[in-house]
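Take a look at the letters that make up each chain.
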Amino acid sequence: MKVLVIHGPNLNMLGKREPEIYGTFSLDKINRKMMALASELKLKLSIMQTNSEAEIIDAIQKKDYDVLIINPAAYTHTSIAIRDAISAVGKPVIEVHLSNIHKREEFRKKSYIAEVATGQISGLGAESYLLALRASKNILSSN
Ligand code: DQA
């Protein structure tokens, strides 16, 4: 049961980046929390962060996971290419956001990813990722 987490652009700056919106946890801290929960849930977890749209698409196409958890960050609102990669691969995908994208600027309300994702978790800070891991476990157990 393999879960891949992809953190998109600028998420390497978490903790220092607009903490009033994204919280004070560093990406490393969020990753450590996920690793601990994954071992409790007996999930094999891989985590990557990239600022590159192409690298995100390559990782999706590689299909080296049973469930994908992705925070596409700003690409959420722009990337038909990431949407098409998810659609082409056809694996379960959970879209995650730290902030609630539906109560921010108008341009953030549109997600190209939501249309092809299994589900979306938005607005719960680091907890969004942990809930996505629990949902991944449920998806895999019910298969
Ligand atoms: C984000 C929300 C996006 O609108 C933004 O561009 C991000 C982070 C979030 O996790 O809240 O970079 O995906």
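Everything below is about the structure shown above.
Residues numbered from 1 in each chain as written. Predicted model: local features only at pLDDT ≥ 70, side-chain atom pairs only at ≥ 80, totals over all residues. Heavy atoms only, no water.

### As for the environment of D66
Right, so step 1: Position of D66 among the secondary structure elements: in the loop between α3 (53-62) and β3 (67-71).
Right, so step 2: Each C-alpha atom, one on D66 and one on K2, is 5.2 Å from the other, the two residues being 64 residues apart in sequence.
Right, so step 3: Residues within four places of D66 in sequence aside, it is in contact with M1, K2, K91, P92 and L140. (Helix = DSSP H or I, 4+ residues; strand = E, 2+ residues; numbered from the N terminus. Contact = heavy atoms within 4.5 Å.)

### Looking at helix α2 (residues 27-41)
Right, so step 1: Between its first and last C-alpha, α2 extends 21 Å over 15 residues, near the 21 Å set by a 1.5 Å rise per residue.
Right, so step 2: For α2, the set of buried residues is L27, I30, N31, M34, L37, A38 and L41. Projection of α2 onto a plane perpendicular to its axis shows the buried side chains occupying an angular sector of 130°, all on one side. More than 90 degrees from the buried face of α2, the exposed residues found are R32, S39 and E40.
Right, so step 3: Directly after α2, the chain includes K42, whose backbone phi takes a positive value near 60°. (Expected span 1.5 Å × (residues − 1). Buried < 20%, exposed > 50% of the residue type's maximum accessible area, 1.4 Å probe, protein only. Arc of directions from axis to C-beta.)

### What to know about the pattern of salt bridges
Right, so step 1: Evaluated as defined, the whole model comprises eight salt bridges.
Right, so step 2: Notably, a salt bridge pairs R32 with D28, separated by 3.2 Å at the nearest N-O pair. Placement of the pair is R32 and D28 together in helix α2, with a separation of four residues, close to one helical turn.
Right, so step 3: Accessibility expressed as a relative area gives 46% for D28, which makes it partly exposed.
Right, so step 4: In this structure, R108 and E105 form a salt bridge, with 2.7 Å as the shortest nitrogen-oxygen distance.
Right, so step 5: Classification of R108 as buried rests on a relative accessible area of 16%. (Salt bridge = Lys/Arg side-chain N within 4 Å of Asp/Glu carboxyl O.)

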